[in-house]
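One letter stands for each residue in the lines below.
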Amino acid sequence: MPVNLTKGQRVNLKKDAPNLKRLIVGLGWDPIKGGGGLFSRSAAMDIDASVICIDDQGRCESIVYYGDLEHRSGAIKHYGDNLTGDGDGDDEQIEIRLDDVPAKITRLSIIINIYEAYSRGQHFGKVRNCFVRAVDLDTGKELVHYDVDGQFDDLTGIFVADVYRHNGEWKFQAVGEGVKVRDIREMVDMKCNR
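Residues numbered from 1 in each chain as written. Predicted model: local features only at pLDDT ≥ 70, side-chain atom pairs only at ≥ 80, totals over all residues. Heavy atoms only, no water.

K.L.:
Which residues make up the packing of aromatic side chains, and what values do they have?
P.N.:
Summed over all chains, the structure comprises two aromatic pairs. Aromatic pair Y65 and Y66: ring centres 5.2 Å apart, planes at 75 degrees, arrangement edge-to-face. Residue class for Y65 comes out partly exposed when judged on its relative accessible area of 25%. Note on Y66: relative accessible area 35%, which makes it partly exposed. Consider the rings of Y66 and Y115, whose centres lie 6.1 Å apart with planes at 85 degrees: the pair is edge-to-face. On the criterion of sequence distance, the pair formed by Y66 in the loop between β5 (60–64) and β6 (76–78) and Y115 in the loop between β8 (105–114) and α1 (117–120) is long-range, its members being 49 residues apart. Residue classification places Y115 among the partly exposed residues on the basis of a relative accessible area of 31%. Cation over ring: R107 sits above Y164, and NZ or CZ is 4.5 Å from the ring centre. (Phe/Tyr/Trp six-rings, centres within 6.5 Å; stacked < 30°, edge-to-face > 60°. Buried < 20%, exposed > 50% of the residue type's maximum accessible area, 1.4 Å probe, protein only. Helix = DSSP H or I, 4+ residues; strand = E, 2+ residues; numbered from the N terminus. Lys NZ or Arg CZ within 6 Å of the ring centre and 35° of its normal.)

K.L.:
Summarise helix α2 (residues 184–191); cite the residues concerned and give the values.
P.N.:
Of the residues making up α2, those classed as buried are I184, M187 and V188. Buried residues along α2 cover an arc of 105 degrees about the axis, so they all sit on one side. Buried-residue contacts for α2 involve β4 (47–55), β5, β8, β11 (157–166) and β12 (169–179). For α2, the capping residue at the N-terminal end is D183, with a side-chain oxygen 3.2 Å from the backbone nitrogen of R185. (Arc of directions from axis to C-beta. Contact = heavy atoms within 4.5 Å. Polar contact = N/O pair within 3.5 Å; in protein donor to acceptor, adjacent residues only side chain to side chain.)

K.L.:
Please give an account of the nonpolar core that cites residues and values.
P.N.:
Formed by 45 residues in total, the largest nonpolar core has its most connected members in L13, L27, L108, I112 and F172. Going through the elements one at a time, β3 (22–31), β4, β7 (92–97), β8, β9 (127–136), β10 (142–147), β11 and β12 are the ones with two or more residues in this core. It is β8 that contributes the most residues to this core, five residues altogether. Contact partners of F172, with chain neighbours within four places excluded, come to L5, Q9, R10, V11, L13, V132, A134, V144, A161, D162, V163 and Y164. (Core = buried A, V, L, I, M, F, W, Y, C linked by side-chain atoms within 4.5 Å.)

Right, dumping it as structure tokens:
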């Protein structure tokens, strides 16, 4: 059984998987049908998962997202963009090779945002069953599960979780903080130092 987290809780990823090398972070959601809004131009809701790679000074080192699917080190790989959120299970997945993450990167902020949310009149109040999970890729064992809950009406981005290095060990923290943003760059500015 995975560790089920609530907002703010954290867990050592290697506690139940001491040989953990490769991690899959899976994110899922279900847009409410017709969730585009009465006056929206499109009812389809394109939610994007991304990873903000943060260095030990709190600065953004890089972003792994639908427009740049792999970190230059090869340690972080986005498996691709789901444009609708249809289907069961993970809608988007990100692979992290923990031992290969460059030493200068100490935190990986897992975020989601709605593409063109403002022009489409969309927000996370029109999304249900949002979750993030961490799976040991080598064993298939789900280590952590967090059902992202809260009031997200009028909010267009969510800082979902952080995977971070502390005293040489990788940990996972459930964040679940919603924000009103136009794009990924605004989320980077909120999360990182300049």
